[in-house]
Amino acid sequence: MFIDDLRHAFRRLRSRPAMALAAAGMLALAIGLTTAMFTIVDSLLLRPVPFPQADRLAQLKMRSRNTVRGVVSARVLEAWRDAPVLDAVEGVATDTVLIETDAGLVAREGAFVTPGMLDMLGARALRGRLFLAGEGRAGTDGVVILSEGIWRSLYGADPAIVGRAIAIDGAQATIVGVLPFKFRFPGWNTAIWKPLDFSAPPAPQAGRLPQVFGRFVQGISRADAGRTIGASSDPAGATYPEQVLTQMARAADPAYEKNWAYIDTLAGPRTSDYIYRATPILAGGVALVFLVLCANVSSLLLARLTARGREFSVCAALGASRARLLREALVESVSLGAAGMLLGLALAAGLVQIARALLPEAFLLQTLNPVDINVRALAVASLAGLLATVAAGLLPAWLGTRAEPANALRATERGGTETRSVRSLTRTLLIGEVALACTLLVGATLLVRSFVNLAGADRGLDARGVLTAWVSGLPGSAEDRTVRENAARIIEDAVHAIPGVQQVVLSHAVPPDGGGVSFGDDWLSDVPGAGPKDITANRYWVGADFFEFYGIPLLRGRTFRPDDPDDVVIVGERFAALMWPGLDPVGRSFRFGKEAFRVIGLARETNLPAVNPFDDRSEFYEPFARGGGGFRMSIRCGNACPDEAIVRRAITGASAGARVIQVQVLENVYLQQTSRPRAAAALAFAFAAIAVLAVAGGLFAVLSYAVGRRRREFGIRLALGARPGEVRRLVFGDGLRVAVIGLALGGLAAWWLSQSLATMTYGVATGDISIWLTVAAVIALTTMLASWRPAARAAKVDPVALLREE
């Protein structure tokens with residue numbers, strides 16, 4: 001019997017292919033979007049890190065009154081190995097490494113780990129082995145492990161890769177293993193791992209400070225990390241894990257005498273603040289799109305089934321039961337749902353692939369989980385398919401199969417119109433669609449306006465036509481700065497000689513990078529009686545011509561001179577206003593901790609447009625000679641910038657020990673910093689566009705069916721003297737009433753959403769009337785376009801032709 005119903009459903013769907021394809025396509029879009037978004041949300045927020053016993057793993061940090069430091073000294077790392085609350089403690093440091101290939105130097109993200117780190121995290125080598133105890137100490141042979149990605153991209157998945165020698169950072173190392181794609185640590189893009197004993201590091205890794213990761217002893221989980229536990233180190237009885245680690249760190253390194261241990265467990269989401277806020281909101285957007293599409297399919301099916309009212313009446317008159325008719329209608333809906341499910345899974349797989357290709361810089365940087373469709377995602381897809389099928393098909397089937405046998409005897413149903421209950425339900429569904437679309441449009445408009453504001457904001461400097469090169473490995477030390485400065489000047493001259501280069505300036509960091517961040521509540525000015533101030537400031541170490549190069553005007557005072565002492569600085573406007581409100585800063589002095597500074601100039605403030613206002617900090621500048629070993633080289637070349645390889649060759653040719661870590665267009669740095677808001681705006685806009693198109697399609701389909709059902713009514717109106725324009729206005733009125741009520745309800749939901757988005761937008765007022773007028777105009781235009789053709793058909797009904805049909 002079910003097979004017969006299935007065949008009958010297929011014949012019915014085949015007879016109306018446009019309706020079937022539209023309904024199946026919308027169900028597929030709903031299921032595909034839901035599954036793809038769940039896959040991303042699951043990877044970013046729901047799944048714990050993909051390591052065995054993740055609830056026992058934690059990063060161990062040290063904190064002070066004002067900050068938490070992610071790195072500790074090697075002595076603290078070694079001391080924590082004996083902590084009674086931990087059964088494993090390992091360290092890792094990260095840096096960009098340069099790999100020598102036949103095509104030249106390739107920069108990749110590297111991790112320097114203690115040999116037991118990979119074992120603690122449950123890593124399994126795809127080829128070869130993991131590190132052995134003792135590797136990474138001074139005097140041992142250099143060994144490395146590659147990621148599967150770099151093994152395939154740089155070495156063509158060579159099956160004999162294990163045992164091969166390669167040059168990394170100018171030193172030879174032997175490849176001992178390959179780790180699979182799914183292993184991501186300490187970052188999603190880590191490409192190479194090297195062993196390192198932090199207590200006695202070999203050159204050139206001397207001085208690295210490790211991030212420390214540990215595993216609690218059995219019985220201490222994430223929930224127990226802050227609870228009282230027994231510890232043998234405390235003869236008095238119970239202690240906290242953080243207290244145990246604090247005492248051991250202070251005993252091992254007096255530098256941490258005023259610090260406390262901080263346990264950052266790995267079982268929770270490892271995301272940045274923007275991602276944490278944006279992902280649930282975008283997931284909510286997908287849920288709204290899901291509801292819109294389900295409501296649309298439900299409207300289509302309801303209109304389709306009510307049009308078959310006379311057919312069902314004939315079946316009822318011949319003895320068919322209500323249950324039999326209901327089963328037939330449900331089988332048709334289930335058939336559409338099954339087709340939508342299969343198409344939706346294929347669409348979800350494609351969307352996840354697109355997300356991996358297009359969104360790594362926007363959303364996927366922070367997750368250690370691979371973003372792929374797994375069993376959890378398939379379960380969600382199945383649930384979404386079931387909900388979509390039930391939501392879209394149950395009500396239409398129930399209302400559409402209410403057949404009266406007496407109707408079978410009529411040539412046409414009285415009035416030729418829909419029943420009041422069907423019309424009310426259809427309008428309710430359409431009103432809900434409009435309300436949801438309005439909510440999505442407001443959210444998308446806010447995010448798009450925010451991104452436009454970010455992209456067009458005044459940065460306070462001229463970054464056009466500028467390349468930056470990050471250089472390290474120069475000779476000289478902190479005590480012997482002359483050698484280092486001379487090497488830097490030789491490199492500067494070599495780069496300046498490249499054709500197309502107009503100007504070169506040296507600095508330690510450039511404004512988009514944020515410089516060195518100093519913060520605390522012990523900034524002291526020279527104003528008599530002024531107390532300490534709590535300030536967060538970016539520090540830049542720059543050459544004398546830095547301000548001219550970037551077009552940053554000096555408002556007062558002067559720039560640096562070669563004979564200036566180390567304590568002179570140039571301050572930005574915001575820093576001056578915080579330190580000396582209402583006073584001229586030039587000639588004044590201030591202290592930060594043990595450091596003392598004297599102001600020789602006031603510079604126009606630079607801006608770093610960002611959603612998080614903390615990212616755009618006050619600033620001051622110090623002489624270039626005071627900076628560290630590595631430096632940034634800014635190269636102004638306009639529209640004729642040299643190739644990256646040419647810049648690299650010029651730098652390494654000028655100084656044999658120089659390492660070029662990165663060469664990039666400065667404008668691209670700003671673009672990368674807006675990648676997350678850009679991706680959020682693009683996704684929100686895509687969801688809103690889908691919802692608006694669904695509303696237009698649903699409104700068009702429902703009004704078209706309604707016009708077809710009401711042809712006799714329109715014919716009578718025209719026969720009695722109604723003008724075609726009046727009939728058109730009647731149909732337009734139906735559509736506009738739906739739009740107005742939907743806008744009113746959607747406006748309330750959109751206002752609540754706009755308040756939730758306030759912390760994710762830049763320079764956008766949630767009450768901006770232009771946003772709401774734009775959304776109302778889009779909904780009104782959509783309604784007019786969707787209603788135009790049905791209204792035109794209604795106005796062209798021929799009363800004479802209707803009389804012949806009677």
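Here the structure is a predicted model, which means the values were calculated and not measured.

Asks: Looking at this structure, I do not really get the packing of aromatic side chains. What am I missing?
Replies: The geometry of an aromatic ring pair comes down to the distance between the two centres and the angle between the two planes. Applying the stated criterion across every chain yields a total of 24 aromatic pairs. When the ring of Trp-523 is compared with that of Phe-592, the centres are 4.1 Å apart and the planes differ by 25°; the resulting orientation is stacked. Of this pair, Trp-523 sits in strand β16 (residues 516–525) while Phe-592 is found in strand β20 (residues 589–592), placing the two residues 69 residues apart along the sequence. Here Trp-523 and Phe-592 have matching classes, each one buried. For the pair Trp-580 and Phe-590, a centre-to-centre distance of 5.9 Å together with 70° between the ring planes defines the contact as edge-to-face.

Asks: I keep staring at the nonpolar core and nothing clicks. Help me out?
Replies: Counting residues in each nonpolar core, the largest one holds 58 residues, and the members touching the most others are Val-289, Leu-293, Leu-336, Phe-687 and Ile-779. Residue assignment for this core shows that the elements contributing at least two residues are α2 (17–46), α7 (273–307), α10 (375–400), α11 (420–456), α17 (675–709), α19 (724–756) and α20 (769–795). Per-element accounting of this core gives the leading share, 13 residues, to α11. In this structure, Leu-293 is in contact with Met-26, Leu-29, Ala-30, Ile-690 and Ala-694, ignoring residues within four places of it in sequence. Counting 39 residues, the second largest nonpolar core, distinct from the first, contains Val-72, Leu-77, Tyr-155 and Leu-245.

Asks: Could you clarify how one ought to interpret a positive patch on the surface in this entry?
Replies: A cluster of basic residues, Arg-728, Arg-729, Arg-789, Arg-793 and Lys-796, forms a positive patch on the protein surface. Counting only elements with at least two residues in the positive patch, the list comes to α19 and α20. Tracing the chain through its elements places Arg-728 in helix α19. With a relative accessible area of 34%, Arg-728 lands in the partly exposed category.

Asks: Is there a simple way to explain the packing of helix α18 (residues 711–719) against α19 in this structure?
Replies: Two quantities define a packed helix pair, namely the angle between the axes and the distance from one axis to the other. Contact geometry of α18 with α19 gives a least axis separation of 10 Å together with a crossing angle of 145°. Crossing geometry of α18 relative to α19 is assigned as right-handed. The segment α18 lies against α19, with Glu-713, Phe-714, Arg-717 and Leu-718 engaging Pro-724, Val-727, Leu-730 and Val-731. By residue class, the composition of the contact of α18 with α19 is 6 nonpolar, no polar and 2 charged.

Asks: Help me out: how do you make sense of the state of the cysteines in this one?
Replies: Here a disulfide denotes a covalent bond joining the sulfur atom of one cysteine to the sulfur atom of another. Following the criterion strictly, the structure yields 1 disulfide and no others. Across a sulfur-sulfur distance of 2.0 Å, Cys-637 and Cys-641 are joined as a disulfide pair. Of note, the bridge from Cys-637 to Cys-641 carries an S-S torsion of about 85° and is right-handed in sense. Judged by relative accessible area, Cys-637 falls into the buried class, the value being 1%.

Scoring rules and cut-offs
Residues numbered from 1 in each chain as written. Predicted model: local features only at pLDDT ≥ 70, side-chain atom pairs only at ≥ 80, totals over all residues. Heavy atoms only, no water. Phe/Tyr/Trp six-rings, centres within 6.5 Å; stacked < 30°, edge-to-face > 60°. Helix = DSSP H or I, 4+ residues; strand = E, 2+ residues; numbered from the N terminus. Buried < 20%, exposed > 50% of the residue type's maximum accessible area, 1.4 Å probe, protein only. Core = buried A, V, L, I, M, F, W, Y, C linked by side-chain atoms within 4.5 Å. Contact = heavy atoms within 4.5 Å. Patch = residues over 30% accessible without salt bridge, like charges linked within 9 Å, V, L, I, M, F, W, Y side chains within 5 Å. Areas by Shrake-Rupley, 256 points an atom, 1.4 Å probe, with all protein chains shown as cover. Salt bridge = Lys/Arg side-chain N within 4 Å of Asp/Glu carboxyl O. Lys, Arg positive; Asp, Glu negative; His and termini not counted. Charge placed at Lys NZ, Arg CZ, Asp CG, Glu CD. Axes fitted to C-alpha atoms, helices over the stretch in contact; angles between N-to-C directions. Left-handed = near helix turned anticlockwise from the far one by under 90°. Nonpolar A, V, L, I, M, F, W, Y, C, P; charged D, E, K, R; others polar. Disulfide = S-S within 2.5 Å.

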